[in-house]
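# Tertiary structure, described
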Amino acid sequence: MKIGNWTHLREKIKQDDSIIFQGVDKSTLSAYDKRKRIFDYLSDNAQYDYLLFIDILLKVAKSVDDIENYLRENNVANPNIIRYIYHRYNNKLFHRKRDPAEELQTMITNHTGVCNSIAQYYKLLLEHNGIYSVCVICDNMLPKNHQINLIYDDETDTYSFDDVTTAILSHDSRDKCFDYDLESAKDIKQGIRTVGYLSGNTFKEFDAFGVILRTEAIYYYLGRTDTSYLKYGLEKDGNFSLPNNIISRKRRRGDDDENTYRYKKSGQDRGL
């Protein structure tokens, strides 16, 4: 594993932050406004690594046709990509070993990656602005688990999800990918199956929407030593479970308020 140089990587984060908030007085923005600005910046500027994604799917998909169909459904199946898929599949060239630390560092320096590195970099940019976030591994109906962000709203003492990766891939549904809860996650194919649905899955024992990827692991990728995130309590004592107070601010503003508060009161009765 290629452990990063945190001093160098932190400077890159600062540079991106200065671009995101160029010409803006941060003191006039709420944490929610900062979050939205960072979300929009990454959605517009990060590049999805389709070649890495294809290699990941080739390892776990039942057939290469399944991958081609998925790409066609998402309007990214151009002839060159299709030829690439069959070339790598027929020549068994998709067994490269992944390095999550290197993937995150590539995302920070080159803005290119897949869901894990995109979500983790989004977390780092949020933290740079004093906004607590954890990465959550969940299912999104693909043959490989997905990674999104759960963000704490200190004004309301609640959490909600953001999914930058899906926003990058599906610009027409970007609004659905920002500030959503467990119920509206189904609109982007999350939570329909539990995180442990996939056979042979590391999380097969979890009958839940998702599990937390602990901040400690992400910091390790970067050579960073910092435990200030523990003050929020969510990751205390090795916890991997999601909190009960996941409520979208958008929904609380009037979109289906009754269902939102019913969901909160239920305390995630489904073991979420």
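Computed from a prediction, not measured in an experiment: that's the story for all the values here.

The next thing to look at is a nonpolar patch on the surface. A surface patch of nonpolar side chains, amounting to about 340 Å² of accessible area, comprises Met 1, Ile 3 and Tyr 220. Among the secondary structure elements, Ile 3 is positioned in the segment before α1 (6–20).

Two elements in contact, α1 and helix α7 (residues 115–128), have axes separated by 10 Å at closest approach and are oriented at 75°. Classified by the interaxial angle, the pair formed by α1 and α7 is roughly perpendicular. Residues Lys 12, Ile 13, Lys 14, Asp 16, Asp 17 and Ile 20 of α1 touch α7, and the partners they reach there are Tyr 121, Leu 124, Leu 125 and His 128. A per-class count over the contact of α1 with α7 returns five nonpolar, one polar and four charged.

A few words now on the pairing of strand β4 (residues 146–153). With respect to burial, β4 is a largely interior element, eight of its eight residues being buried. Alternating positions in β4 separate into two faces, His 146, Ile 148, Leu 150 and Tyr 152 on one and Gln 147, Asn 149, Ile 151 and Asp 153 on the other, with burial throughout. In this sheet, β4 lies alongside strand β3 (residues 133–138) in antiparallel orientation, the contact comprising six bridges. Each bridged residue has a counterpart across the sheet, and for Val 136 the counterpart in β4 is Ile 148. Alignment of β4 against strand β5 (residues 158–162), held across five bridges, turns out to be antiparallel.

It is worth spelling out helix α3 (residues 50–60) at this point. Taken together, the buried positions of α3 are Leu 52, Phe 53, Ile 54, Asp 55, Ile 56, Leu 57 and Leu 58. On its buried side, α3 packs onto β1 (47–48), α4 (64–73), α5 (79–90) and α6 (100–110).

Procedures and definitions
- Residues numbered from 1 in each chain as written.
- Predicted model: local features only at pLDDT ≥ 70, side-chain atom pairs only at ≥ 80, totals over all residues.
- Heavy atoms only, no water.
- Patch = residues over 30% accessible without salt bridge, like charges linked within 9 Å, V, L, I, M, F, W, Y side chains within 5 Å.
- Areas by Shrake-Rupley, 256 points an atom, 1.4 Å probe, with all protein chains shown as cover.
- Salt bridge = Lys/Arg side-chain N within 4 Å of Asp/Glu carboxyl O.
- Helix = DSSP H or I, 4+ residues; strand = E, 2+ residues; numbered from the N terminus.
- Axes fitted to C-alpha atoms, helices over the stretch in contact; angles between N-to-C directions.
- Parallel < 35°, antiparallel > 145°, perpendicular 65-115°, else oblique.
- Contact = heavy atoms within 4.5 Å.
- Nonpolar A, V, L, I, M, F, W, Y, C, P; charged D, E, K, R; others polar.
- Buried < 20%, exposed > 50% of the residue type's maximum accessible area, 1.4 Å probe, protein only.
- Pairing = 2+ DSSP bridges.

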